[in-house]
Every structure is written in structure tokens, then in C-alpha cells.
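Observations on the three-dimensional arrangement
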Amino acid sequence: TDMEIFKYADATKYVVRFLHVEPNIEMMNVKTSLLGKLVSIKGHVIKARAKRLRLSSGEFACRKCGAEIVHAFVMGRYSTPTSCPSDNCTSRSFCFESASAKYLNMQ
């Protein structure tokens, strides 16, 4: 019956292997933008570790006037803007908007 087939299918482990997928991507060109896509990777794995992301830029909001400031992070080091760019604001207090953060892949 159909129920017996479904029980068998649920209990079985399937291993699928695709052959000759083009184009081949070199290991050093594997990026997070390929996540969820079918790719073929060419290269040798010498040491495996998780990718590390380096913070490259993000937006800060001034706590006093609410102005948005795009700030670049040098060498991935976190820093805050030195002053608010608004004409009538002298605030030096900012809130980092984590949703606006941009990262670079580092290996």
C-alpha cells in the first residue's frame, strides 16, 4: 500500500551525487553569494575551517538628532564616527544599526 511505501522512503537514506556540473569554481572563489546554489568546486582541501567575516562598513544613528552616518571600518576594526555631520548637532554618541552592516569574506 501507499503507507508502506512512505514508511520505507522515510527510513531510507538517499545519497545523491551530480557529475560533470559546469562551471567548476576554484576553492578560493567560493563566496557566501553562492549559498543555496548548485556549484562544482575544483581544488584540494588542506585545512578546513569556517569562513570568517570581516566588518567593512555600516550605518550609525546619532542618538541626539537621529542622523544616519555611513561609516567604513579600517581593517575590520570596529570604531565609531567622531562627530555628527548634521549642522546643528554636536553629539558624539551613536547607535550602530547592525542590519546595515556589510561584511567581507576572509579565509
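Scoring rules and cut-offs
- Residues numbered from 1 in each chain as written.
- Predicted model: local features only at pLDDT ≥ 70, side-chain atom pairs only at ≥ 80, totals over all residues.
- Heavy atoms only, no water.
- Phe/Tyr/Trp six-rings, centres within 6.5 Å; stacked < 30°, edge-to-face > 60°.
- Helix = DSSP H or I, 4+ residues; strand = E, 2+ residues; numbered from the N terminus.
- Buried < 20%, exposed > 50% of the residue type's maximum accessible area, 1.4 Å probe, protein only.
- Core = buried A, V, L, I, M, F, W, Y, C linked by side-chain atoms within 4.5 Å.
- Contact = heavy atoms within 4.5 Å.
- Patch = residues over 30% accessible without salt bridge, like charges linked within 9 Å, V, L, I, M, F, W, Y side chains within 5 Å.
- Areas by Shrake-Rupley, 256 points an atom, 1.4 Å probe, with all protein chains shown as cover.
- Salt bridge = Lys/Arg side-chain N within 4 Å of Asp/Glu carboxyl O.

1. Let's talk about the packing of aromatic side chains
The geometry of an aromatic ring pair comes down to the distance between the two centres and the angle between the two planes. Summed over all chains, the structure comprises 6 aromatic pairs. Pairing F73 with F96 gives two aromatic rings, centres 6.1 Å apart and planes at 70 degrees, and the pair type is edge-to-face. Here F73, found in the loop between strand 4 (68-72) and strand 5 (94-106), pairs with F96, found in strand 5; they are 23 residues apart in sequence, far enough to count as distant. In this structure F73 comes out as buried when scored by relative accessible area, which is 6%. The exposure class of F96 is partly exposed, given its relative accessible area of 22%.

2. Describing the nonpolar core
Core analysis: the biggest nonpolar cluster contains 10 residues, these being L55, F60, C62, A67, I69, F73, C84, C89, F94 and A101. Broken down by secondary-structure element, the contributors of at least two residues to this core are strand 3 (52-62) and strand 5. By residue number, the principal contributor to this core is strand 3, which donates 3 residues. When sequence neighbours within four positions are dropped, the list of residues in contact with A67 reads F60, A61, C62, C84 and S86.

3. As for a nonpolar patch on the surface
A surface patch of nonpolar side chains, amounting to about 360 Å² of accessible area, comprises V16, F18 and L38. Assignment of secondary structure puts L38 in the loop between strand 1 (24-26) and strand 2 (40-42). Using a relative accessible area of 59% as the deciding quantity, one classes L38 as exposed.

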